[in-house]
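Listed below, chain by chain, are the residues.
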Amino acid sequence: MGWQEQRWFVYASFLGLVATVESVTRGEFFHHGTSARDQLLEAGNDKTHLLPLDKPVLFYDGIFDSIFINTNGFVATAEPTGESTYLGKMPPTFGTIAALLGDLDTSDGVGKVYFRQDSSPDVLTRAAQYINGAFPEDDEVRPTNAVVVTWVNVATHEPPSRGDGIEKRRNTFQLVIASLETASYAIILYARDGMPILSTPVQGSSVVMHAGFNKGLVRGFVFSSQGPYYRTTTDDEASIRALAEDTNSGLRGVWVYEIGTSPYFTNVAPGEVNDLPVEAAPQGPSEADHARRTVYTNGQPEQDRKGGQIEVHPVQYQPLQPGNPEVLVVDDTDINVDVFSYALGTCANSRNKCSQFSDCKDYSGGYCCNCRPGFYGNGLECVAEGKPQRMNGKVHGKVHVGNSPSPVEFTSNDLHSYVVVNDGRSYVAISDIPSTIGPSLQPLSALGGVIGWAFALEQPGFRNGFSIIGGKFVRQAEVTFLPGNEKLTIRQEFKGIDEHDHLAVSTTLEGRVPEVPRGATVQIDPYSEIYQYGNNLITSSSTRDYVVSLPDGSTETRSYQWRQTITFQSCQYGESLRDMKPTQMLSVDQVFVLYDANNELIRFAMSNKIGDINGGDPEENPCFTGRHGCDTNAVCRPGQETQFTCQCATGFNGDGRTCYDIDECRDNPQICGSHAICNNQPGTFRCECEDGYQFANDGQTCIGVDRPRDACDEGTHTCDIPERAQCSYTGGSSYICSCLPGFIGDGKVCQDIDECQSGKCHQDAVCYNTEGSFTCQCRPGYYGDGFYCSQEKTKTQCETHRDSLLGSTEFGPRGPRPSVGQYIPSCDENGSYEPMQCHGSTGYCWCVERSGQEVLGTRSGPGSRPMCIDHSGVHPPVGPTPRPDVHPLPPGTHLLYAQSGRIEHVPLEGYEIKKDAGKALLHLPEKVIIGVAYDCVEKMVYWTEITSPSISKASIQAGEPTAVITSDLDSPEGIAIDHLSRTMFWTDSVKDHIEVASLDGSQRRVIIDTDLVNPRAIVTDPPNGNLYWADWNREAPKIETSHMDGSNRRVLVKDDLSLPNGLTYDSQSSLLCWADAGTHKLECTHPSHGDRRKVIEGLQYPFGITSFGKNIYYTDWRRDAVVAVDRHAGKESDMYQPQKKTKIYGIATAYAQCPAGKDTRDQWWMTYSDHA
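Residues numbered from 1 in each chain as written. Predicted model: local features only at pLDDT ≥ 70, side-chain atom pairs only at ≥ 80, totals over all residues. Heavy atoms only, no water.

- The protein is annotated in an unreviewed UniProt entry as Nidogen-1 of Notothenia coriiceps.
- Quoted straight from UniProt, the Subcellular location (unreviewed entry) entry for the protein says "Secreted, Extracellular space, Extracellular matrix, Basement membrane". (UniProt positions renumbered as here; feature names shortened; annotations may be inferred.)

Right, dumping it as structure tokens:
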């Protein structure tokens, strides 16, 4: 007897014990309760217990040394959030093994939750029997440890009873997690007499309970996304009832899953025995079992390829039977993440859920939305016939190549697709693909194949994917490469049409692919797939061949098997799905794949048609072949035989051969109504409410937002006078009074603090107390600012500037010694700049401010002298500013930040953010803006964007955007302005270099192009002529500096860094500060001293950062907010969340007047120009 037959025999004996009963009963559960020495979970609702494990549990690709037991029918791998965050909003953000999740309660003393760890031989032997019986063709498994959790007589959590004596219904079920060193399994037992509860009440409605496995949030480099969610039930109560009646282990009510493996993991694997024993257990794998394992080739069963009609079995819901080839289900991931589902209601109260291009129709059980003529879709989303479609998204995940033990990580790689709908051609591009994996991804044209199916060219009587299910669905696919059996899972969540009229998608890749050598190319032959359509479920399968042309000229023919499921929510009352054919064939040809190693870009292109699975008579009409010559924005209308006409799509006009976009916003300025902004887009337009307004319930009318009265703004508060106190508005009609620094009191009455009593000045200085502050003055014979006094006189700014140019040192603060004939500043007897400065060689003269900065418009030619104001009579104050702990703030200072196709601004009042005054500065639809910088001289905002890589600018006083640099850019991210030398610097994270140019884009030059991997943040120190930047290289992150010509480059910080996203330099304090999204810290250093200190830790996901006085402001991707940090207090002091809840990228401070500093043009810029 062979080993498989022996295992069948052992399992047959085990089944024989239960073959005479209909289902597993409570008495056949694993032993539990006090007699089994179980622990008892605290009674109540939503109670959690942390259970440290003797041996770890493997779940998905993670290893866990502890788990959390919860009342609500699940075990978690991380501490669960409150039940309000996941009940009715599945899946949760934390890892979950859901035996039967719902709002459950044990506070009545009847229901109990028992749990324990167990490594006794009887428990492990029984667990092994269940596992080996469920996977009869796999190697035998012998667990070494188990966790047994039993929910006994648990009831739903409901309001207090009315005392009417109605007995509560109660569920009983059990979860056993059995583990060995390389794998963990979940065994779930549902008693047929213990499953009366199918739904639980959640916030006034009834929600069907959930069973399944959820990895939780997966953190990528830029975004965190929902990880795999393997749901074993649906939103239909029948699927809950089936848990006690069906099986995947051969025993009714017992379900077995492989939930984690090491070192590699692809997906949750269900048991493979879906048949129930009739009398006795089978003696071995039956012929029927072998017969069911049909191999599909090009979408057709192998035995049917020789001729005749293809037999296709209808798709039905069968819980967890991915091994059943008639169904071809990879996973029953009936995932409802952000997927709209029709609810009970009428068109009157639900019309705004339909597309603006659809009509709503009431039915006896509810309502449905139907696209109007000229549009197609599922009614919730409708697009114009003939209009090209675009898809944008991100790719995440980990993929191993060949035998490599280390995966290649995808961290929010950009995915873009474009489809010419009227001929079925689709194009897909994925960026930032390293050469270690790029060639090996070439066979996977199916990464973008789903959009080809969604918008395939329709043959008569057949419909593409979007016309049936719209743009919100989840696609799960499994690829098995032959002959090595490498497996790759692809999960794509399609989130519908976004605000830019693009289909949004999130893609996750996990697994292993065979290696394709560098320099090799891949050719994919035409193929076809049979799509089977059921209730909210679509499946398909095929075997695909591809030819690898190796660098040496030889070729290899390889293949892989492909299976996928598409889950969606449809309207159950309408007529659309009734007309849907149960099977259709997608035919794909003209497949083109290319990996561009230089640009790290992979491209796919293909032609897609949807039609009859048996081929039928070939269509000759050009509308069905795609050879019609209509404009890409036109619909091809078939006529008799080969006749056809071209008609421009809705939103375009022309003769059909050439179509032009209609600018609805220009043609009808009032199309969006009052208090709304119209944004034109190709073929359509979108309306947005002005600031201070929001859409009413109809989704169209903009109505004013009622805002409470702000007593601080109106001046009706009871705080002390503004010179002594500050009023802070806290919402509603509330505010807080607080004394300004230098005063003490309750905010309503504030008294001056005498700082001189605490000895704040230097020992060789005299302290003078003032109202709210103090001043320090060095004694006669000493020099300094009062905080530090010395008998040695310190050079003034003018003297330092002059002496550096006269060659008192070999190198100045920004690089090499200037050339002969350079401008040398003139200083008076006090060391201040003379009000008029002249160039000794050219004879030009000009006026300067006290800081030495040229007064614009005063430069005169040789032989003439400008009239300059003498500032000798106005001496700068001795000692610190009036309040040493508060920097004087100029009026009209703002924060500028980039968010979702726009640049917005919010003003600062002192250090406080005026949250109610934030407004959009620029609307830049379809642009992904990364970096923002401000030129305080010309009042211009500069930004970088990566969709069509460019650097642009616009005046903050309602100026039109102007492109500055549009060529030879790949991914410009960080940008910084030197307002003194009138130059800009930027980083390019694809080219891995730093460039500089004049503010008009001229005199462009690369200054750093070595030893950079992922440069992003960059800032300037104009007065001292220094440049700082951060490189978030995963292997060796660092912060560097150089002079502005790239010379004197050196590393400032390299230890204890992880993801230094943001960087800012404060010229007043000479502090360089950075925010790290990996260490979650905000830190600062004085670049010239080499010190380093932590300001605050516990940041969530900082991206951009800027500084102003004592405050540092950073953008947070987790909170979608601008957060203020008091650098002195070391804590967050304020947070501003814009009305639009999307990620905020770069941020900059727009000063009302420029910070002081000397002009460095003549020193380094002239040197740079000589090399340009």
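Let us keep going from here.
### Quick look at the overall build of the protein
Okay, so step 1: Regarding its fold elements, the protein presents 12 helices and 82 strands.
Okay, so step 2: Considering the protein as a whole, with its 1172 residues, one finds that 54% of them fall into the buried category.
Okay, so step 3: By sequence separation, contacts in the protein at least 24 residues apart represent 55% of the contacts at least 6 residues apart.
Okay, so step 4: Accessible surface, the protein: about 51,100 Å² in total, of which carbon and sulfur atoms supply 48%. (Helix = DSSP H or I, 4+ residues; strand = E, 2+ residues; numbered from the N terminus. Buried < 20%, exposed > 50% of the residue type's maximum accessible area, 1.4 Å probe, protein only. Contact = heavy atoms within 4.5 Å. Areas by Shrake-Rupley, 256 points an atom, 1.4 Å probe, with all protein chains shown as cover.)

### Observations concerning the pattern of salt bridges
Okay, so step 1: All told, the structure shown has 37 salt bridges when counted by the stated rule.
Okay, so step 2: As a salt-bridge pair, E973 and R1016 come within 2.7 Å of each other at their nearest N and O atoms. Of this pair, E973 sits in strand β66 (residues 972-978) while R1016 sits in strand β70 (residues 1015-1021), and the two are 43 residues apart along the sequence.
Okay, so step 3: Classification of E973 by relative accessible area gives buried; the value is 9%.
Okay, so step 4: Classification of R1016 by relative accessible area gives buried; the value is 7%.
Okay, so step 5: The residue K1038 makes a salt bridge to D1011 at a minimum N-O spacing of 2.9 Å. On the criterion of sequence distance, the pair formed by K1038 in strand β72 (residues 1038-1043) and D1011 in the loop between β69 (1005-1008) and β70 is long-range, its members being 27 residues apart.
Okay, so step 6: By relative accessible area, which is 9% here, K1038 ends up buried.
Okay, so step 7: A residue is classified by how much of its surface remains accessible, and D1011, at 58% relative accessible area, is exposed.
Okay, so step 8: Put simply, D1011, K1038, E1040 and R1049 are held in one network by salt bridges that share partners. (Salt bridge = Lys/Arg side-chain N within 4 Å of Asp/Glu carboxyl O.)

### What to know about the environment of D122
Okay, so step 1: By the element assignment, D122 lies in helix α2 (residues 121-134).
Okay, so step 2: Here D122 falls in the exposed class, since its relative accessible area comes to 55%.
Okay, so step 3: In sequence terms D122 and F30 are 92 residues apart; their C-alpha atoms lie 9.7 Å from each other.
Okay, so step 4: A distance of 2.7 Å separates a polar atom in the side chain of D122 from a polar atom in the side chain of S120. (Polar contact = N/O pair within 3.5 Å; in protein donor to acceptor, adjacent residues only side chain to side chain.)

### Structural notes on the packing of aromatic side chains
Okay, so step 1: Counting across every chain of the model gives 27 aromatic pairs.
Okay, so step 2: Within the aromatic cluster, the residues linked to one another by ring pairs are W453, F473, F494 and Y531.
Okay, so step 3: For the cation-ring pair, R126 lies above F30, with the distance from its terminal atom to the ring centre recorded as 4.6 Å.
Okay, so step 4: If you follow R859 out to its NZ or CZ, it ends over the ring of W846, 4.1 Å from the centre. (Phe/Tyr/Trp six-rings, centres within 6.5 Å; stacked < 30°, edge-to-face > 60°. Lys NZ or Arg CZ within 6 Å of the ring centre and 35° of its normal.)

### Let's talk about the nonpolar core
Okay, so step 1: Ranked by size, the top nonpolar core spans 65 residues in total, and within it W453, F455 and L488 carry the most contacts.
Okay, so step 2: With 5 residues, strand β36 (residues 583-596) is the largest single contributor of residues to this core.
Okay, so step 3: V57, Y60, I177 and I188 belong to the second largest nonpolar core, which has 41 residues in total. (Core = buried A, V, L, I, M, F, W, Y, C linked by side-chain atoms within 4.5 Å.)

### A few points about the environment of R865
Okay, so step 1: Residue position: R865 is located in the loop between β57 (845-847) and β58 (894-899).
Okay, so step 2: As for R865 and M836, which are separated by 29 residues in sequence, their C-alpha atoms are 8.5 Å apart.
Okay, so step 3: Residues in contact with R865, not counting those within four places in the same chain, are M836, C838, G843, C845 and S860.

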